[in-house]
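In case you want the letters, here they are:
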Amino acid sequence: MLKLRLVINVPKVIRRSFGTNIPVLQKASDPIQQLFIDKIREYKSKSAGGKMIDASPEILKERESELEKIHTQFGSKGRDMTQFPQFQFTDPPVEIGIDNK
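Residues numbered from 1 in each chain as written. Predicted model: local features only at pLDDT ≥ 70, side-chain atom pairs only at ≥ 80, totals over all residues. Heavy atoms only, no water.

Trainee: So, the overall build of the protein: which residues are in play, and what are the values?
Mentor: Counting its regular elements, the protein contains 3 helices and 0 strands. Along the chain direction, N to C, the helices and strands of the protein fall in the order α-α-α. Looking at the 101 residues of the protein, the share that counts as buried comes to 1%. Summed over all atoms, the accessible surface of the protein reaches about 10600 Å², with 59% contributed by carbon and sulfur. (Helix = DSSP H or I, 4+ residues; strand = E, 2+ residues; numbered from the N terminus. Buried < 20%, exposed > 50% of the residue type's maximum accessible area, 1.4 Å probe, protein only. Areas by Shrake-Rupley, 256 points an atom, 1.4 Å probe, with all protein chains shown as cover.)

Right, dumping it as structure tokens:
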């Protein structure tokens, strides 16, 4: 029974894997695909500084106003919001008393 399942299913799995993995491993042969990949790489290299690419002054001003709203709403002015907060818990003092009544 197991041998029959293997004989039937293994070729299916191999064909599916071959059909899905081979196009990924090949280089883009279509010039339009290659142009698209080149533009994505160029875009990623421009955005390496973390700034917005080709942003107008109006968009930058709107972004700053939205960030200011967030700072006032959550009280995050002057804090590094990229870091996970540090919690410090202290145990309350425990009184141990024995009543001998």
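Trainee: A description of helix α3 (residues 57-74) should follow, citing residues and the corresponding values.
Mentor: Look at α3: 26 Å from first C-alpha to last across 18 residues, which is about the 26 Å you get at 1.5 Å a residue. Within two residues after α3, glycine 75 carries a phi angle of roughly 65°, on the positive side. (Expected span 1.5 Å × (residues − 1).)

Trainee: I'd like to hear about the pattern of salt bridges, residue by residue, with values.
Mentor: This model, assessed by the stated rule, comprises 3 salt bridges. Note that arginine 63 and glutamate 64 form a salt bridge whose closest N and O atoms lie 3.5 Å from each other. The exposure class of glutamate 64 is partly exposed, given its relative accessible area of 46%. Ionic pairing is found between glutamate 66 and lysine 69, a salt bridge with its closest N-O pair at 3.3 Å. Of this pair, glutamate 66 and lysine 69 both sit in helix α3, 3 residues apart, roughly one helical turn. (Salt bridge = Lys/Arg side-chain N within 4 Å of Asp/Glu carboxyl O.)

Trainee: With reference to specific residues and values, describe a nonpolar patch on the surface.
Mentor: On the surface, a nonpolar cluster with roughly 250 Å² of combined accessible area is contributed by Met52, Ile59 and Leu60. With respect to the helices and strands, the residue isoleucine 59 is situated in helix α3. (Patch = residues over 30% accessible without salt bridge, like charges linked within 9 Å, V, L, I, M, F, W, Y side chains within 5 Å.)

Trainee: If you had to explain the packing of aromatic side chains to someone new, which residues and values would you point to?
Mentor: Within this structure, the stated rule accounts for 2 aromatic pairs. Centre to centre, the rings of phenylalanine 84 and phenylalanine 87 are 6.4 Å apart; their planes meet at 80°, and the pair counts as edge-to-face. On the accessibility criterion, phenylalanine 84 (66% relative accessible area) is exposed. The class for phenylalanine 87 is exposed, based on a relative accessible area of 56%. For the ring pair phenylalanine 87 and phenylalanine 89, a centre distance of 6.2 Å and an interplane angle of 20° mean the geometry is stacked. Side by side, phenylalanine 87 and phenylalanine 89 carry an identical accessibility label, which is exposed. (Phe/Tyr/Trp six-rings, centres within 6.5 Å; stacked < 30°, edge-to-face > 60°.)

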